[in-house]
Amino acid sequence: MMLDACILCGHTPLEALDTHAARCSQCGLLHNLAAEETSYIEGGGQAVPNEAKTRWRLINAQRRLNIIAPHFAGHDTLIDIGCGSGEMLLAAKDRLSHVLGFDTNRPLIRHIRDNLALPVIEGYFDAAVIAPDLLARKKIFTLSHVLEHLAQPLGLVRQTHAAMLPGDLLYIEVPLYTGQSFRQQGYRWNLWTAEHRALYSPQALDFIATSCGFKTLSAGTRIFARGSYSAKTRWRLFFRQPLLFLKCLVTKPTYLSIADVMIGDYGFVVLQKP
Ligand SMILES: [Zn+2]
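Bear in mind that the values here come from a model prediction, so they are computed numbers and not experimental data.

> Tell me about the sheet that holds strand 3 (residues 30-32), and please be specific about residues and values.
Here four strands make up an open sheet; going across it, the order is 1-2-3-9 and the pairing antiparallel. Of all the strands in the sheet, the pair left with one neighbour each is strand 1 (15-16) and strand 9 (198-199). Strand direction decides the pairing type here: strand 2 (residues 21-23) and strand 3, joined by three bridges, are antiparallel. Paired with Ala 22 across the bridge in strand 3 is His 31.

In structure tokens, the structure reads:
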């Protein structure tokens, strides 16, 4: 795929690294030149997870909520855009009085309705289909592992911004090319896939926040919950870089593990509409 301009910031020209990727020198986005248009309506790459997968995804969603929770101030509604198999909604319903999910993936929407009995809307995010009394509440929007699939990521962020009231929160999480897995595995990393238009960097996330006029409340890195608290991973990180390990141990926030900080395959930001 030929790209004339950055899909996030519009900057041109892109810096072609090789036949796989081109980097934007302005916002830091790494474009996947082999990305393909994917339809998720009948599932795409995402299937209904088995029990073991669901358990880890739920723990993962709970840890994600722990990152946002310090910023709750009367927020009682979570709207998860790209809710997948619904674990974020499931985790949030214990803490918040209202949850709502959006996804285009029919099998997953059916799974949430039949097995989790949580409110979900089949389709792309559209504030016009949300009940006005829900839109009037103090809300948290979440976009986890969604933007990397989009050819116009800023369009969805702006659309979300428009649905937010002052004080509402937006949590974004994306895979990074600056994390350990991409640095070590490069294009062999399983998140370098044709479904992903780009991989992000902390700089690209900062560009999103700034260009939409959000206030950044928190920013950092994490990994999927399964590896995050693995003792084996912790020892490996300690022996590889003992000084950095000890530094991270004293400086990291309590809601992140050492592996979240040192491996850092996913980037997150907690944003607020002023
Ligand atoms: Zn750019």
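From this point, things continue past the structure.
> So what's going on with the packing of aromatic side chains? Which residues, and what values?
Applying the stated criterion to the full structure yields 11 aromatic pairs. A ring pair is formed by Tyr 177 and Phe 182, whose centres lie 6.5 Å apart and whose planes are at 80°; its orientation type is edge-to-face. Overall, the relative accessible area of 13% leaves Tyr 177 in the buried class. Ring geometry for Phe 182 against Trp 192: centres 5.6 Å apart, planes inclined by 40°, an arrangement best described as tilted. One end of the pair, Phe 182, is in helix 6 (residues 180-185); the other, Trp 192, is in the loop between helix 6 and strand 9, and 10 residues separate them in sequence. Each member of the pair, Phe 182 as well as Trp 192, is classed as buried.

> How would you summarise the environment of Lys 53 if you had to cite specific residues and measurements?
Mapped onto the fold, Lys 53 is located in helix 1 (residues 51-68). For Lys 53 and Leu 143, which are 90 residues apart along the polypeptide, the C-alpha to C-alpha distance reads 20 Å.

> Give a detailed account of helix 1, specifying residues and quantitative values.
For helix 1, spanning 18 residues, the distance from its first C-alpha to its last is 26 Å, which sits close to the expected 26 Å at 1.5 Å a residue. Buried within helix 1 we find Trp 56, Asn 60, Ala 61, Arg 64, Leu 65, Ile 67 and Ile 68. Measuring from the backbone nitrogen of Ala 52 back to the side-chain oxygen at the start of helix 1 gives 3.3 Å, which picks out Asn 50 as the cap.

> A description of the packing of helix 5 (residues 153-163) against helix 7 (residues 202-212) should follow, citing residues and the corresponding values.
Close contact between helix 5 and helix 7 brings their axes to 11 Å; oriented N to C, the two are set at 45°. Regarding the angle of helix 5 to helix 7, the classification is oblique. Seen from above, helix 5 lies across helix 7 with right-handed handedness. Between helix 5 and helix 7, the contacting residues are Leu 154, Val 157, Arg 158 and His 161 on the first element and Phe 207, Ile 208, Ser 211 and Cys 212 on the second. Classifying every residue of the contact of helix 5 with helix 7 by side-chain character gives five nonpolar, two polar and one charged.

> Could you give an account of the coordination of the zinc ion, naming the residues involved and the relevant values?
Coordination of the zinc ion by the protein is provided by Cys 6 (SG), Cys 9 (SG), Cys 24 (SG) and Cys 27 (SG), with metal-donor distances spanning 2.3 Å. Around the zinc ion sit four donor atoms, and with donor-metal-donor angles ranging over 101 to 117° the site reads as tetrahedral. One chain supplies every donor to the zinc ion, and in sequence these donors are spaced C-x2-C-x14-C-x2-C. Taken together, the residues span a long stretch of sequence, with Cys 6 in the segment before strand 1 and Cys 24 in the loop between strand 2 and strand 3 at a distance of 18 residues. Note on Cys 6: relative accessible area 5%, which makes it buried. Relative accessible area serves as the criterion here: at 0%, Cys 24 is assigned to the buried category.

> Which residues make up the sheet that holds strand 10 (residues 215-222), and what values go with them?
What the seven strands build is an open sheet, ordered 6-5-4-7-8-11-10; its pairing is mixed. The open sheet terminates on both sides in strands that have one partner only, identified here as strand 6 (120-122) and strand 10. Between one strand axis and the next, the sheet turns by 15° as a mean value, whatever way the strands run. The sheet contacts of helix 1 involve strand 4 (77-81), strand 7 (139-144), strand 8 (169-175), strand 10 and strand 11 (266-272), and relative to strand 8 the element is tilted by about 130°. Contacts from helix 7 reach strand 8, strand 10 and strand 11, with the element oriented near 15° to strand 11.

> Lay out the pattern of salt bridges with the relevant residues and their values.
Evaluation of the coordinates by the stated rule reveals seven salt bridges. Across the pair Arg 197 and Glu 37 runs a salt bridge whose closest N-O atoms are separated by 3.0 Å. Residue Arg 197 is located in the loop between helix 6 and strand 9, and its partner Glu 37 is located in the loop between strand 3 and helix 1; the two are separated by 160 residues in the primary sequence. In this structure, Lys 93 and Asp 94 form a salt bridge, with 3.9 Å as the shortest nitrogen-oxygen distance. Put simply, Arg 64, Glu 173 and Arg 222 are held in one network by salt bridges that share partners.

Conventions we followed
- All residue numbers refer to positions counted from 1 along the written sequence of the respective chain.
- Only residues with pLDDT of 70 or above have their local features reported here, since the model is predicted, and side-chain atom pairs are shown and tallied only from 80 upward, although totals for entire chains, interfaces and linings are computed over all residues.
- The side-chain quantities take in all heavy atoms of the structure and omit both hydrogens and water.
- Paired strands, in this sense, are two strands between which DSSP finds at least two bridges.
- Numbering of helices and strands starts at the N terminus; helices are DSSP runs of H or I of at least 4 residues and strands are runs of E of at least 2.
- Ring geometry is summarised as follows: Phe, Tyr and Trp rings, the Trp one being its six-membered ring, pair when their centres sit within 6.5 Å, and such pairs are stacked at plane angles under 30 degrees, edge-to-face over 60 and tilted between the two.
- Only protein chains enter the area calculation, which uses a 1.4 Å probe; residues under 20% of their type maximum are buried, those over 50% are exposed, and those in between are partly exposed.
- Here the expected span of a helix is defined as 1.5 Å times the quantity of residues minus one.
- Each polar contact in these results corresponds to two N or O atoms within 3.5 Å; when the atoms are within protein, one needs to be able to donate a hydrogen and the other to accept it, and residues that are neighboring in sequence are counted only if both atoms are side-chain atoms.
- Axis definition: a line fitted to C-alpha atoms, over the contacting stretch in the case of helices. Angles run 0 to 180 degrees between N-to-C directions.
- We call two directions roughly parallel when the angle between them is under 35 degrees, roughly antiparallel when it is over 145, roughly perpendicular when it lies between 65 and 115, and oblique otherwise.
- By definition, turning the near helix anticlockwise from the far helix through less than a right angle yields a left-handed crossing, and turning it clockwise yields a right-handed one.
- Here, residues are in contact when the closest pair of their heavy atoms is within 4.5 Å.
- Residues are sorted three ways: Asp, Glu, Lys and Arg are charged, Ala, Val, Leu, Ile, Met, Phe, Trp, Tyr, Cys and Pro are nonpolar, and all the rest, Gly among them, are polar.
- For Na, K and Ca the donor cut-off is 3.2 Å, and for all other metals it is 2.8 Å, counting N, O and S atoms only; because water is absent from this set, sites may look incomplete.
- Any site counts as irregular unless it has four donors with all angles between 85 and 135 degrees, making it tetrahedral, or four or six donors with opposite ones more than 155 degrees apart and the rest between 65 and 115, making it square planar or octahedral.
- By definition, a salt bridge exists where a carboxyl oxygen of Asp or Glu is found within 4 Å of a side-chain nitrogen of Lys or Arg.

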